[in-house]
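# Topology and contacts: notes
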Amino acid sequence: MAGAHYVYSMLEKQEFYWGAAIVHLLEDPRCVGVAKRENGYVVNATRFIVLKYSTKSRTPWRFSFGADEIKRLVEASSRYESLVIGLVCGGDGVCAITWKQAAEILGKEPGWISVRRNFHERYAVTGSAGELPGKVPLRDWPALLFES
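Residues numbered from 1 in each chain as written. Predicted model: local features only at pLDDT ≥ 70, side-chain atom pairs only at ≥ 80, totals over all residues. Heavy atoms only, no water.

## Section: the sheet that holds strand β9 (residues 130-131)
The four strands lie next to each other as β4-β7-β8-β9, forming an open sheet whose pairing is antiparallel. Looking at strand neighbours, the two that pair on one side only are β4 (61-65) and β9, the edges of this open sheet. Taken together, the five bridges between β4 and strand β7 (residues 111-116) define a ladder with antiparallel strand orientation. Each residue of the ladder has a partner; that of Trp61, found in β7, is Val115. This element, helix α2 (residues 67-79), spans β4 and β7 of the sheet and lies at about 80 degrees to β4. Each of β4, β7, β8 (124-127) and β9 touches helix α3 (residues 99-106); the most contacted strand, β7, lies at about 110 degrees to it. (Pairing = 2+ DSSP bridges. Helix = DSSP H or I, 4+ residues; strand = E, 2+ residues; numbered from the N terminus. Contact = heavy atoms within 4.5 Å. Axes fitted to C-alpha atoms, helices over the stretch in contact; angles between N-to-C directions.)

Laid out in structure tokens, this is it:
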């Protein structure tokens, strides 16, 4: 087309990994609306998700949480019906945990969460202050958002 201007840019890693998680969210029939916010996404006006990603191709995947980020998560958790963190584990999948679960294993100080998964198993999640009891099924993303 004459006069048309196209802007081509490479995908940022964040867009690639978050996009995979968001596609699963959008395909869930319970999702009726998603709006981008500074620190995450509001889903159906009452639920909030925060996505973090690791580009590492193999288990374990580690995610850092700084003091400012934890403060924003605490604030968001008081504003929304539920807050779910989607930990995008390379090309393996998304490990979904609630903010309450994350806060328990992170502790009060900035810290980290580590996710590991053996072939055909669920995600084992540990943090700088402890570990989640039990394991997280792959199918919890995005279901946990609507069920919590």
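After that view, the rundown keeps rolling.
## With respect to the environment of Lys56
Structurally, the position occupied by Lys56 is in the loop between β3 (47-54) and β4. When its relative accessible area of 39% is taken as the criterion, Lys56 is described as partly exposed. When the C-alpha positions of Lys56 and Glu121 are compared, they lie 18 Å apart, and in sequence the two are 65 residues distant. Setting aside residues up to four positions removed in sequence, Lys56 forms contacts with Trp61 and Gly90. Polar side-chain contacts of Lys56 include one of 2.8 Å to the backbone oxygen of Pro60. (Buried < 20%, exposed > 50% of the residue type's maximum accessible area, 1.4 Å probe, protein only. Polar contact = N/O pair within 3.5 Å; in protein donor to acceptor, adjacent residues only side chain to side chain.)

## Some details on the nonpolar core
With 26 residues, the main nonpolar core has Ile113 and Val115 as its most contacted residues. Elements with a minimum of two residues in this core: β3, β4, α2, β5 (82-89), β6 (93-98), α3 and β7. Residues Tyr41, Ile49, Trp141 and Leu145 belong to the second largest nonpolar core, which totals 17 residues. (Core = buried A, V, L, I, M, F, W, Y, C linked by side-chain atoms within 4.5 Å.)

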